[in-house]
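Architecture and fold: a report
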Amino acid sequence: MKILIVDDEPAARYGMTKALRSDNRLLLEADDGGEALSQIRQQCPDLVFLDLNMPDRDGLFVLKELQQDLSTAIPEIIVVTANDGVDTAVECIRCGATDFI
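The sections below set out a description of the structure shown in this document. (Residues numbered from 1 in each chain as written. Predicted model: local features only at pLDDT ≥ 70, side-chain atom pairs only at ≥ 80, totals over all residues. Heavy atoms only, no water.)

Some words on the packing of helix H2 (residues 33-43) against helix H3 (residues 59-68)
Axis separation between H2 and H3 bottoms out at 9 Å; the angle between their running directions is 35 degrees. Seen from above, H2 lies across H3 with right-handed handedness. Residue-level inspection shows Gly33, Ala36, Leu37, Ile40 and Arg41 of H2 in contact with H3, the latter providing Phe61, Val62, Glu65 and Leu66. The residue inventory of the contact of H2 with H3, partitioned by class, reads 6 nonpolar, 1 polar and 2 charged. (Axes fitted to C-alpha atoms, helices over the stretch in contact; angles between N-to-C directions. Helix = DSSP H or I, 4+ residues; strand = E, 2+ residues; numbered from the N terminus. Left-handed = near helix turned anticlockwise from the far one by under 90°. Contact = heavy atoms within 4.5 Å. Nonpolar A, V, L, I, M, F, W, Y, C, P; charged D, E, K, R; others polar.)

The structure is reproduced here in structure tokens:
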């Protein structure tokens with residue numbers, strides 16, 4: 001299983017990578033939305049943990065871009081963020097996220 005962890009904070013990526021490490025998982029990392037889109041298109045991960053609050057291209061941008069790109073297979077995407085607003089969660093799900101943490 002390929003898992004992409006997208007977060008602009010190195011400590012957050014490190015913690016998730018450490019928690020998810022397993023022999024049957026390939027863990028990939030991206031530190032911004034642009035790199036996330038490149039990794040999704042090139043590596044075709046099975047699962048993406050996506051931070052919302054990133055500079056330049058944020059998580060919502062990534063979700064919306066993937067919805068519009070019919071040539072890219074959309075993986076399961078779990079949004080992981082400190083923003084706990086219901087409106088934000090609904091917007092993420094509406095834009096294609098599988099879940100919101």
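What follows continues from the structure just given.
Examining unusual backbone geometry
Trans peptide bonds make up most of the peptide bonds, and negative phi angles are found at most residues other than glycine. We note that Cys44 has phi near 50 degrees; this positive angle belongs to a residue other than glycine. Within the secondary structure, Cys44 is located in the loop between H2 and strand E3 (47-50). Here Asp56, not a glycine, exhibits a phi torsion of approximately 70 degrees, which is positive. Classification of Asp56 by relative accessible area gives exposed; the value is 74%. (Buried < 20%, exposed > 50% of the residue type's maximum accessible area, 1.4 Å probe, protein only.)

Here we look at the nonpolar core
Val6, Leu50 and Leu63 are the most contacted members of the largest nonpolar core, which has 21 residues in total. Elements represented by at least two residues in this core include exactly strand E1 (2-6), strand E2 (26-30), H2, E3, H3, strand E4 (76-79) and helix H4 (86-94). Beyond its immediate stretch of four places on either side in the chain, Leu63 contacts Leu50, Ile77, Val79, Cys92, Cys95, Gly96 and Ala97. One finds Ile5, Leu20, Leu47 and Phe49 within the second-largest nonpolar core, a separate group that totals 6 residues. (Core = buried A, V, L, I, M, F, W, Y, C linked by side-chain atoms within 4.5 Å.)

A word on the packing of H3 against H4
In the contact formed by H3 and H4, the axes pass within 9 Å of each other and the chain directions differ by 25 degrees. In terms of orientation, H3 and H4 fall into the roughly parallel class. Read as a crossing pair, H3 and H4 show a hand that is left-handed. For the pair formed by H3 and H4, the contact residues are Leu60, Leu63, Lys64 and Gln67 on the first element and Glu91, Cys92 and Arg94 on the second. (Parallel < 35°, antiparallel > 145°, perpendicular 65-115°, else oblique.)

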